[in-house]
Amino acid sequence: MQRWRGLEDVPGDWGRSVVTIGSYDGVHRGHQLIMGRTVERARELGLPSVVVTFDPHPSEVVRPGSHPPLLTAHHRRAELVAALGVDALLILPFTTEFSRLTPSEFVRATLVDGLHAKLVVEGPNFRFGHKAAGDVDFLSALGLKYDYDLEVVDLFVRGEAGGGEPFSSTLTRRLIAEGDVAGAAEVLGRPHRVEGVVVRGAQRGRELGYPTANVETLPHTAIPADGVYAGWLHVEGEPMPAAISVGTNPTFDGTARTVEAYAIDRVGLDLYGLHVAVDFLAYLRGMEKFDTIEALLERMADDVKRARELLETTEAPQI
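Computed from a prediction, not measured in an experiment: that's the story for all the values here. Along each chain, numbering runs from 1 in the same order as the chain's sequence is written. Side-chain atom pairs in this predicted model are given and counted only at pLDDT of 80 or more, local residue features only at pLDDT of at least 70, and totals for whole chains, interfaces and linings cover all residues. Hydrogens and water are ignored here; the side-chain numbers use all heavy atoms of the structure.

Interface size is commonly expressed as the accessible surface area that is lost when the partners come together. By domain assignment, the chain separates into domain 1 (2–156) and domain 2 (193–312). Taking only C-alpha atoms into account, the centre of domain 1 sits 37 Å from that of domain 2. We call two residues in contact when some of their heavy atoms are within 4.5 Å. Facing eight residues of domain 1, the contacting portion of domain 2 comprises eight residues. Buried surface at the junction of domain 1 and domain 2, both sides included, amounts to about 620 Å², of which 53% is carbon and sulfur. Whenever Lys or Arg places a side-chain nitrogen within 4 Å of a carboxyl oxygen from Asp or Glu, that contact is recorded as a salt bridge. At the boundary of domain 1 with domain 2, the tally comes to zero salt bridges. In the analysis that follows, any N or O atom pair within 3.5 Å is treated as a polar contact, provided that within protein one partner can donate a hydrogen and the other can accept it, and provided that, for residues neighboring in sequence, both atoms belong to side chains. Taken together, the connections running from domain 1 to domain 2 amount to three residue pairs in polar contact (both at pLDDT 80 or more). Class assignment of the residues belonging to the side of domain 1 that touches domain 2 gives a composition of five nonpolar, two polar and one charged. Domain start and end points were adopted from an automatic or database domain assignment. Summed over both partners, the accessible area lost on bringing two parts together, with a 1.4 Å probe, is the buried area. Residue polarity is assigned by list, with Asp, Glu, Lys and Arg as charged and Ala, Val, Leu, Ile, Met, Phe, Trp, Tyr, Cys and Pro as nonpolar; anything else, Gly included, falls into the polar class.

Below, the discussion takes up the sheet that holds strand E12 (residues 275–285). Any two strands are treated as partners once DSSP identifies two or more bridges connecting them. Here a helix means four or more residues in a row that DSSP labels H or I, a strand means two or more in a row labelled E, and each is numbered from the N terminus. Reading around the circumference, E7-E8-E11-E10-E9-E12 is the order of the six strands in this closed barrel, with antiparallel pairing throughout. The mean angle between the axes of side-by-side strands here comes to 45°, regardless of whether they run parallel or antiparallel. As paired strands, strand E9 (residues 227–235) and E12 are joined by eight bridges and run antiparallel to one another. Looking across to E12, one finds that tryptophan 232 is bridged to aspartate 279. Only the stretch in contact is used when fitting a helix axis, every axis being a line fitted to C-alpha atoms; angles between N-to-C directions are given from 0 to 180 degrees. Against the sheet, helix H10 (residues 293–312) contacts E9, strand E10 (238–247), strand E11 (258–263) and E12, and its axis sits at roughly 100° relative to E12.

As structure tokens, this is what we get:
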């Protein structure tokens, strides 16, 4: 898959293409429907498929300080998009100047002059241009002027997550904030992942016999509610079964919120300075403050046992 940063990176000889545009944070199952249809129609027409997204999230530019928790890092989003068979990913830098483009100016710059769209595929709630003034009806009307077609895909998907609420990035963020990582995984179609570099912490886990990778997460990451989880620690492409702690270590009167993963039954790991990923499979319990170290160790042993049992019967995600 080709990856472009800004319209200036699009090859000068780029021909007609099939395009979809959106923030697409999470690449959840609704997003996958739209992208899958984009790829399908592109192949039918013998044209390349393009996904267009933005960096930073538009809300941070339009309403500074309102950046939503991110469900996927940009490189991770690119991996997920590529796995769907998309030919090219265009990340548009979302600046104040860019945010002021009218819907017509946005379409002309991006879809017409930039990507030479033959077909545009969107969900029914797609909005674009200054103050989100453009909608799919206006996008369709512009297609008559600029010689492209529009296909609107019903991305309505629901399951048990959120009590049957339609799948969306907003629902996913809420489930993660509540610690319902199983529900989030249903929406995403895979476990929720956080990433970052392993840094030195207080090293209490090592002293207690449970050395953990203290992950310094990326800015704006959607981090699950405080508690203990079962999941995987991905190190250089290898998924390791893990017991994961999110919180402030109240037994030791901690104040900083951390994400720490203990690779079950692995010894001698030296992960400092490595970029790792943590996938959350299941919520085990809330964060607790223990009166004694012995009580903490007993609970930690139980956490690891439960996590091991869960993970032994679950296949680790490969992407």
